[in-house]
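Observations on the three-dimensional arrangement
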Amino acid sequence: MILKLLHTKIIDIKNGDNLPLDARNSLKFGLGFWLFFVSHLVLIAQSTDKTKPNVIIVITDDQGMGDLGSSGNPYIKTPNLDEFYNESVRLTNFHVSTTCAPTRGAIMTGRHTNRINVFHTIAGRSLLFEDEVILPQILAQNGYTNGMFGKWHLGDNYPYRPEDRGFHEVVRHGGGGITQGPDYWGNDYFDDTYWHNSQIQKYKGYCTDVFFSEAISFIEENKNEPFFCYISTNAPHGPLNLPKEYLDMYKNVKGLEEQYQRFYGMITNIDDNFKLLQNKLDDLKIADNTILIFMTDNGTASGNKVYDAGLRGAKGSEYEGGHRVPLFIRWPDGQLTGGKDIDKLAAAYDLLPTFVDLLALDFNPVKPLDGKSLKPLLYNQGADWPNRILYIDTQRLQNLVKYRKYSVMDDNWRFVNGTELYNMNDDRSQTKNIIGQHPEVVEKLALGYEKWWQSFMDEGVNERYAYIKVGTAHENPSRISAHDMLTGKFGSMWHQYGAVRATQASGRWKIEFVEDGDYEISLCRFPRESGLAINEIFPAQEKIVKLDKTMPASVKNDFEKAYLYVADVDQNAKIEKGQKEVSFTAKIAAGKYDMEAQLIDKDNRVHPAYYVYIEKL
């Protein structure tokens, strides 16, 4: 609007060339005034932008409440996060989903993960529905520049990638972890190849170091503007690969098995990178006006066997250890410092409405949010804060199933699986089931669950699917993996190792061809970047100290036939010796289809085409 007004005044001057001198001088004086006025408006606008706080979320993978020194763990070395704990406001009763993708979906949408098609980590049920409005989109519309580094796990194809959904700068691995099916073939945490804004790019160094380094570069480039930086490490998710020096830190810890030495070493590496991040914010003099959050995505993968912080269960569990995690937040300019604990019940889907409130973002939700702004709690204004009832469950199936591995929570109670009740005020470890003693509490929480569940059914979640869109300028060809194939029999077909071991499975992908046209659909066992033939035999990768797991030897399967069904295509083709892919071409009308793509061996056993490429010609 400001530039449009200025442009209008310049046009007035040009049109006034034939006017008398006094009139022209008057116009020029008017232009001078407008230039002065506009420059001040621009300065005010810039000043307003600069006062907006930056936002950084650091979220780690599979690290639980007990996997920090600040939680009392006597073995782990996390001095920098422990110091940050002392400087922060801590949410001590903060809950996420019990596995990784669901938590990420809740953070991004402010809605419970069962509503948004992210109630699993594979099988087409980790693709965040396209019609959900998510945090980076809201921030971008409010003048923020957004960067995402590390693990996304909400879709690897258009329109579900982070670069399709509000992030301006992206460096990420594929799927839910390095080495999984959607990831670049052969990545092992060291000197890997990642996707940089939709293009593959090789990076040097350890994965966590790379993601923090790229995030710090993004921060440097955008230090003069408000930014959102989402650093989502895949560590300490397995395989437990790490630099040797971090493994050596724990080698002499008595009674600590190598599995936990590796796990803790990966976390210490995160701790060191967190300090590098803090140092950069200090060097750039933007630390005070940056909202910095540290959190984790679910309960510990296995650290509870060493130290459980008094919580029952681990990743995937409906008990506290599966979903109660640390969250530390610091914002000096916003007076959020000083080691304060907030014990009220809060959840991952509260973060989006909290940011909207804290940053005064312009946002009118299209869909109702499950989350609630935590700003009153952060600023000691929560005297009237209600005793909320919140819900978590572990689905990990093709469709939502009622009464599956759930917990109903309020400030005082946990109602678990319809058969257990725990008083959290004196039984944090959930060891004393007192369901028979408080029927009125059970009735209240059970009724809450029924209403909560019905809200998903009313939205028709089980009847909806997320369709991968092909034939667009955004992604052509589309590289699709068995990770996103809908199936009831998972095995390891979703992993690179599943392709190597020729894991059996059958199912279908949900594919939308956005335009009529000629398409080439190629079925592979291994992705193109591997250079491997469908029936290629190769040995296991050599085991070295820094690698916990390595690529296994390929299984000899003698695949003989490829089969494709999609739209009106229903074809078989013979697999020749040395063939890397089997391609079918067809005219396909725009529309949504189920696609089956299979590799069939000499014994007529069905396997998925672990990788499928679809290209509009």
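Everything below is about the structure printed above this text.
Residues numbered from 1 in each chain as written. Predicted model: local features only at pLDDT ≥ 70, side-chain atom pairs only at ≥ 80, totals over all residues. Heavy atoms only, no water.

**Concerning the sheet that holds strand S7 (residues 199–202)**
What holds strands together in a sheet is hydrogen bonding between their backbones, with the strands either parallel or antiparallel. Strand order in the open sheet formed by 10 strands is S7-S6-S5-S4-S8-S1-S9-S10-S2-S11, and the pairing between neighbours is mixed. The open sheet has two edge strands, S7 and strand S11 (340–342), and neither has a second partner. Pairs of neighbouring strands in the sheet enclose a mean axial angle of 15°, with direction left out of account. Sheet strands in contact with helix H8 (residues 258–283) are strand S1 (54–60), strand S8 (227–232), strand S9 (290–296) and strand S10 (327–330), and its direction is about 175° off that of S9. (Pairing = 2+ DSSP bridges. Helix = DSSP H or I, 4+ residues; strand = E, 2+ residues; numbered from the N terminus. Axes fitted to C-alpha atoms, helices over the stretch in contact; angles between N-to-C directions. Contact = heavy atoms within 4.5 Å.)

**As for the pairing of S7**
Pairing of strand S6 (residues 193–196) with S7, which is carried by 4 bridges, proceeds in the antiparallel orientation. By the bridge assignment, Trp 195 is partnered in S7 with Ile 200. The hairpin formed by S6 and S7 contains 2 residues between the paired strands, and Asn 197 there has a positive phi angle of roughly 50°.

**Considerations on the sheet that holds strand S18 (residues 478–481)**
Pairing is antiparallel across the open sheet formed by 4 strands, whose spatial order is S18-S26-S20-S23. Edge strands, defined here as strands with exactly one partner in the open sheet, are S18 and strand S23 (581–588). Taken pair by pair, the neighbouring strands of this sheet meet at an average axis angle of 20°, ignoring direction. Examined bridge by bridge, strand S20 (residues 517–524) and S23 share 8 bridges and lie antiparallel to one another. Bridge pairing in S23 links Glu 520 to Thr 585.

**With respect to the environment of Lys 402**
Considering the arrangement of structural elements, one finds Lys 402 in the loop between strand S13 (390–393) and strand S14 (406–409). A sequence separation of 150 residues divides Lys 402 from Asn 252, and the C-alpha atoms of the two residues are 47 Å apart. Each residue touching Lys 402, except ones within four places of it in the same chain, is listed here: Tyr 449, Glu 450 and Trp 453. For Lys 402, the side chain forms a polar contact with the side chain of Tyr 403, separated by 3.4 Å. (Polar contact = N/O pair within 3.5 Å; in protein donor to acceptor, adjacent residues only side chain to side chain.)

**Quick word on the side chain of Thr 472**
Among the secondary structure elements, Thr 472 is positioned in the loop between strand S17 (468–470) and S18. Look at Thr 472 and you get buried, because its relative accessible area is 8%. Of note is the side chain of Thr 472, whose polar atom sits 3.1 Å from the backbone nitrogen of His 474. A distance of 3.3 Å separates a polar atom in the side chain of Thr 472 from the backbone nitrogen of Glu 475. (Buried < 20%, exposed > 50% of the residue type's maximum accessible area, 1.4 Å probe, protein only.)

**Remarks on the pattern of salt bridges**
Counted according to the given criterion, the structure contains 36 salt bridges. Notably, a salt bridge pairs Arg 90 with Asp 341, separated by 2.7 Å at the nearest N-O pair. With Arg 90 in strand S2 (residues 89–91) and Asp 341 in strand S11, the pair connects residues that are 251 residues apart, well separated along the chain. Taking the shortest distance from any N to any O, the salt bridge between Glu 320 and Arg 414 comes out at 2.7 Å. Here Arg 414 lies in strand S15 (residues 413–416) and Glu 320 lies in helix H9 (residues 320–323), a separation of 94 residues in the sequence. What makes Glu 320 buried here is its relative accessible area of 0%. (Salt bridge = Lys/Arg side-chain N within 4 Å of Asp/Glu carboxyl O.)

**Observations regarding helix H10 (residues 351–358)**
The buried count for H10 comes to 7 of 8 residues, which makes it a mostly enclosed element. All buried positions along H10 are accounted for by Leu 351, Leu 352, Pro 353, Thr 354, Phe 355, Val 356 and Leu 358. Count one or two residues on from H10 and you reach Ala 360, which has phi positive near 55°.

**Regarding helix H12 (residues 439–459)**
Across its 21 residues, H12 extends 31 Å between first and last C-alpha, which sits within 8% of the 30 Å expected from 1.5 Å per residue. Where H12 terminates, the next one or two residues include Gly 460, which has phi positive at roughly 70°. (Expected span 1.5 Å × (residues − 1).)

**Some points on unusual backbone geometry**
Omega for the bond connecting Tyr 158 with Pro 159 falls within 30 degrees of zero, at 10°, which places this linkage in the cis form. The residue Pro 159 is located in the loop between strand S4 (145–150) and strand S5 (169–172) in this model. For the peptide bond that leads from Asn 476 to Pro 477, omega is 5°, which places it in the cis range. Tracing the sequence through the fold places Pro 477 in the loop between S17 and S18. Despite not being glycine, Ala 360 shows a phi value in the positive range, around 55°. Position of Ala 360 among the secondary structure elements: in the loop between H10 and helix H11 (375–378). The exposed category is assigned to Ala 360, whose relative accessible area is 64%.

**Section: the nonpolar core**
Counting 55 residues, the largest nonpolar core has Phe 94, Tyr 230, Ile 291, Met 295 and Phe 355 as the members making the most contacts within it. If you tally residues by element for this core, the top one is H10, at 5 residues. Excluding its chain neighbours within four sequence positions, the residues that come into contact with Phe 355 are Val 55, Ile 57, Leu 135, Ile 291, Ile 293, Ala 360 and Leu 361. Met 493, Ala 505, Phe 538 and Ala 597 belong to the second largest nonpolar core, which has 50 residues in total. (Core = buried A, V, L, I, M, F, W, Y, C linked by side-chain atoms within 4.5 Å.)

**Details of the packing of helix H6 (residues 207–221) against H8**
Across the interface, H6 lies against H8 with an axial gap of 10 Å and an inter-helix angle of 10°. Here H6 is positioned roughly parallel relative to H8, judged by the angle of their axes. Listed contacts from H8 to Thr 208, Asp 209, Phe 212, Ile 216, Ile 219 and Glu 220 of H6 are Asn 269, Ile 270, Asn 273, Phe 274, Leu 276, Leu 277, Lys 280 and Leu 281. Tallied by class, residues from the contact of H6 with H8 come to 8 nonpolar, 3 polar and 3 charged. (Parallel < 35°, antiparallel > 145°, perpendicular 65-115°, else oblique. Nonpolar A, V, L, I, M, F, W, Y, C, P; charged D, E, K, R; others polar.)

**Side note on the packing of aromatic side chains**
On inspection of all chains with the given rule, the structure shows 33 aromatic pairs. Plain terms: the ring middles of Trp 152 and Phe 167 are 5.8 Å apart, the flat faces sit at 85° to each other, and that makes the pair edge-to-face. Placement of Trp 152 in the loop between S4 and S5 and of Phe 167 in the loop between S4 and S5 is noted, with a sequence separation of 15 residues between them. Summarising the burial analysis for this pair, Trp 152 and Phe 167 share the class buried. Taken together, a centroid distance of 6.2 Å and an interplanar angle of 20° make the contact between Tyr 449 and Trp 453 stacked. Placement of the pair is Tyr 449 and Trp 453 together in helix H12, with a separation of 4 residues, close to one helical turn. Under the relative-accessibility criterion, Trp 453 is labelled buried at 4%. Members of the aromatic cluster, each reached through a chain of ring pairs, are Tyr 391, Tyr 403, Tyr 406, Phe 415, Tyr 449, Trp 452, Trp 453 and Phe 456. In this structure, Lys 77 is placed above the aromatic ring of Tyr 250, and the distance from its NZ or CZ to the ring centre is 4.4 Å. (Phe/Tyr/Trp six-rings, centres within 6.5 Å; stacked < 30°, edge-to-face > 60°. Lys NZ or Arg CZ within 6 Å of the ring centre and 35° of its normal.)

**Points about the environment of Gly 181**
For Gly 181, the location among the structural elements is in the loop between S5 and S6. Residue Gly 181 is classed as buried on the basis of its relative accessible area, which comes to 4%. Along the primary structure Gly 181 and Ser 492 are separated by 311 residues, whereas in three dimensions their C-alpha atoms are 9.4 Å apart. Not counting chain neighbours up to four residues away, the residues in contact with Gly 181 comprise Arg 479, Ser 481, Trp 494, His 495, Gln 496 and Tyr 611.

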